[in-house]
Amino acid sequence: MSQLDGLFADTAITTLRNAGLDPIPVFESVPVGSSQVGRIRAQSPAAFVKVGSGTQVTITIGEATIATSTTVKP
């Protein structure tokens, strides 16, 4: 299986499907404006592990989180 880290999610999903694999996306929070937004941060099984057709591959995708603030009224 290919190294997917750093690829944009749509590219990684297409790559996996073209290889006969089943991509399972999960999302991980990253700061707004991070270069990791929309990119693959991890994969399981790991890169370069031999897998059979139809194998599920979990890909962790960076998702922007909006910083929240709380206001305390006096």
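Values in this document were obtained by computation on a predicted structure and should not be read as measured data.

Cut-offs and rules
- All residue numbers here refer to positions counted from 1 along the written sequence of the relevant chain.
- In keeping with the model being predicted, local features are shown solely for residues with a pLDDT of at least 70 and side-chain atom pairs are shown and tallied solely at 80 or more, while totals for entire chains, interfaces and linings include all residues.
- The basis for the side-chain values is all heavy atoms of the structure; hydrogens and waters are excluded.
- To qualify as a helix, a DSSP run of H or I must reach at least 4 residues; to qualify as a strand, a run of E must reach at least 2; elements of each kind are numbered from the N terminus.
- C-alpha atoms define the radius of gyration in this analysis, and the globule rule sets the expected value at 2.2 Å times the number of residues to the power 0.38.
- Here's how the labels work: a residue is buried when its accessible area is under 20% of the maximum for its type, exposed when over 50%, partly exposed in between, all with a 1.4 Å probe on protein chains only.
- The contact rule is simple, with two residues in contact once any of their heavy atoms fall within 4.5 Å.
- Charge assignment in this entry is limited to Lys and Arg as positive and Asp and Glu as negative, and neither His nor the chain termini are counted.
- Lys charges are placed at NZ, Arg charges at CZ, Asp charges at CG and Glu charges at CD.
- The pairing criterion is simple: DSSP has to find at least two bridges between the two strands.

(A) Broad picture of the overall build of the protein. When you go through the protein residue by residue, the secondary structure sums to 1 helix and 3 strands. The order of α-helices and β-strands along the protein, N terminus first, is α-β-β-β. Taken against the 2.2 N^0.38 rule, which gives 11 Å for 74 residues, the C-alpha radius of gyration of the protein at 16 Å runs more than 25% over that of a compact globule. Overall size of the protein, expressed as C-alpha extent along the three principal axes, is 60 × 20 × 15 Å. Buried positions account for 23% of the 74 residues belonging to the protein. Sequence separation of at least 24 residues holds for 69% of the intrachain contacts in the protein that already meet a minimum separation of 6. Here the protein contributes 5 positively and 5 negatively charged side chains, and the mean placements of these two sets differ by 3 Å.

(B) Seen up close, the environment of F8. Mapped onto the secondary structure, F8 falls in the segment before α1 (9-18). The spacing of F8 and G20 is 12 residues in sequence and 19 Å in space, taken between C-alpha atoms. Ignoring any residue separated from it by four or fewer positions in sequence, one finds F8 in contact with V37, G38 and R39.

(C) Just the pairing of strand β3 (residues 56-65), in detail. As judged from the 10 bridges shared by strand β1 (residues 22-31) and β3, these two strands associate in the parallel manner. Of the residues in β3, the one forming a bridge with P25 is I59. Note that strand β2 (residues 40-44) and β3 share 4 bridges and pair antiparallel. Opposite S44, over in β3, you have T58 as the bridge partner.

(D) Just unusual backbone geometry, in detail. Here the amide bond leading from S44 into P45 is cis, since omega sits at 0 degrees, within 30 degrees of zero. Along the chain, the position of P45 falls in the loop between β2 and β3. One non-glycine residue, F48, adopts positive backbone phi at about 70 degrees. Residue class for F48 comes out exposed when judged on its relative accessible area of 67%.

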